[in-house]
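So the chains spell out like this:
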Amino acid sequence: MKTLKIQSKQREEMIEITAQVEQVLRAERELKDGVCVLFTQHTTCGLTINENADPDVKSDLLLFLRKTIPQFYEGFRHFEHNSDAHIKASLVGASLTVPFADGTLLLGRWQGIYLCEFDGARERKVLLKII
Amino acid sequence: MKTLKIQSKQREEMIEITAQVEQVLRAERELKDGVCVLFTQHTTCGLTINENADPDVKSDLLLFLRKTIPQFYEGFRHFEHNSDAHIKASLVGASLTVPFADGTLLLGRWQGIYLCEFDGARERKVLLKII
Amino acid sequence: MKTLKIQSKQREEMIEITAQVEQVLRAERELKDGVCVLFTQHTTCGLTINENADPDVKSDLLLFLRKTIPQFYEGFRHFEHNSDAHIKASLVGASLTVPFADGTLLLGRWQGIYLCEFDGARERKVLLKII
């Protein structure tokens, strides 16, 4: 079990962590193929896979979520005023399972692994377990 | 493979099942560390991880989903009139992968595991497989 | 590791792949029970589990997503004009973990496994890893 630490700098941000995951995989040389399980230990960020070519994909995704799930929404009662971030976290999800072979993640050509920060800036922890 | 049975009492409800999952893990004493896979065998409920401190997080999440994905939406054709629940189920997801070590789930400080009921009240089954 | 190839025929489509997954499982006769990890190598489609009885569930889900996440949304900047598909992909998710026993997927009575195409028609690849 490894822990990745990721520092976000804004309230909402998509931070690519593919290189950090691959670095852990490379260090485990005896592993031929399997699945990499990623798990964030927080309730206001998520993990997702999306395009890592045009950065507009990231900003369009964050724009859409911010407009659709506003921080101040009629009826929200949670005293921390970050229910929007909790909702986004549940929709995006807290875990990912990514297959690998020969020590390399089997990502598609345009895929990157992202931590989706919805209530930063904060330090976030992502657990990485290889099975 | 274990099966957890969860009884919901309302149409929409977030039911914490962390204690039930941990109970299964404790019974498997020989297991040092791995991943707990949870899987719901239904199409109108989901599994998610979110805050288990302030209950307003749960009600805010359900409120938002109910307002955004209404039960009676123009154009819905499914004769059971629960397409909203099917959509919420696909967005939240049917499975979770949670790492554990020394027989303890590696949840963050504020994380709980929830069954999200979107079309209750019913008895729901969640499969639990340790790998 | 197996690769399923799926040909979509429309821009938005839910294609059931349960039979293809079960076929792979049956070919691996020595496997008693475990988890089947499915992973799509794309950023504009997703994998989900939902009802496979009434086809109106599929069309209602696609209708709702299309109305809620329109292809042309004010503020989208991605030059390929498919940010909607990227967003839907992240909300539905790129991976699934489905338990099996005695070579049979432990799906509930109404559950089917679907590739959700959000930017077709295309050929899509889904990796299948048994653990």
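### Some details on the interface of chain A and chain B
Taken together, the contact between chain A and chain B spans 28 residues of the former and 31 residues of the latter. Here chain A meets chain B over a buried area of about 2,400 Å², counting both sides, of which 62% is carbon and sulfur. The interface formed by chain A and chain B includes two salt bridges. Here Arg77(A) makes a salt bridge to Asp56(B), at a shortest N to O gap of 3.5 Å. On the surface where chain A and chain B come into contact, there are 15 residue pairs in polar contact (both at pLDDT 80 or more). Of all the secondary-structure elements, those providing two or more residues to the side of chain A that touches chain B are β3 (33–40), α3 (83–92), β5 (95–101) and β8 (123–130) of chain A. Examining the composition of the side of chain A that touches chain B, we find that five residues originate from one element, α3(A), more than from any other.

### Structural notes on the sheet that holds strand β4 (residues 45–51) of chain B
All names here are of chain B. Spatially, three strands are ordered β2-β7-β4 in an open sheet, and the strand pairing comes out antiparallel. The sheet is open, and its two borders are formed by β2 (13–16) and β4, each paired with just one other strand. Neighbour-to-neighbour, the strand axes of the sheet open up by a mean angle of 35°, direction not taken into account. Here β4 runs beside strand β7 (residues 111–117); their pairing, made up of seven bridges, is antiparallel. Across the sheet, residue Gly46 finds its bridge partner in β7, namely Cys116. Here helix α2 (residues 56–68) sits on the sheet and contacts β2, β4 and β7; the angle it forms with β2, its principal contact strand, is near 145°.

### Focus on the nonpolar core
Judged by nonpolar contacts, the single largest core of 45 residues is most densely connected at Leu91(A), Leu91(B) and Leu91(C). Once residues within four sequence positions are removed from consideration, Leu91(C) is found in contact with Leu65(A), Leu91(A), Val92(A), Ser90(B), Leu91(B) and Ile69(C).

### Quick notes on the relation of the copies chain A and chain B
Expressed as a screw transformation, the operator carrying chain A onto chain B has a rotation angle of 120° and an axial translation of 0.0 Å, and the superposed copies differ by an RMSD of 0.0 Å. Taken together, the rotation and translation relating the two chain copies correspond to the operation of a three-fold axis. Closest approach to the rotation axis among the C-alpha atoms of chain A is made by Leu91(A), whose C-alpha sits 3.3 Å away. When the interface residues of chain A are mapped onto chain B, a mere 14% of them again fall at the interface, so the copies present different faces.

Definitions and cut-offs
- Residues numbered from 1 in each chain as written.
- Chains lettered and ligands numbered in written order.
- Predicted model: local features only at pLDDT ≥ 70, side-chain atom pairs only at ≥ 80, totals over all residues.
- Heavy atoms only, no water.
- Contact = heavy atoms within 4.5 Å.
- Buried area = accessible area lost by both parts, 1.4 Å probe.
- Salt bridge = Lys/Arg side-chain N within 4 Å of Asp/Glu carboxyl O.
- Polar contact = N/O pair within 3.5 Å; in protein donor to acceptor, adjacent residues only side chain to side chain.
- Helix = DSSP H or I, 4+ residues; strand = E, 2+ residues; numbered from the N terminus.
- Pairing = 2+ DSSP bridges.
- Axes fitted to C-alpha atoms, helices over the stretch in contact; angles between N-to-C directions.
- Core = buried A, V, L, I, M, F, W, Y, C linked by side-chain atoms within 4.5 Å.
- Buried < 20%, exposed > 50% of the residue type's maximum accessible area, 1.4 Å probe, protein only.
- Least-squares fit on C-alpha atoms with pLDDT ≥ 70 in both.

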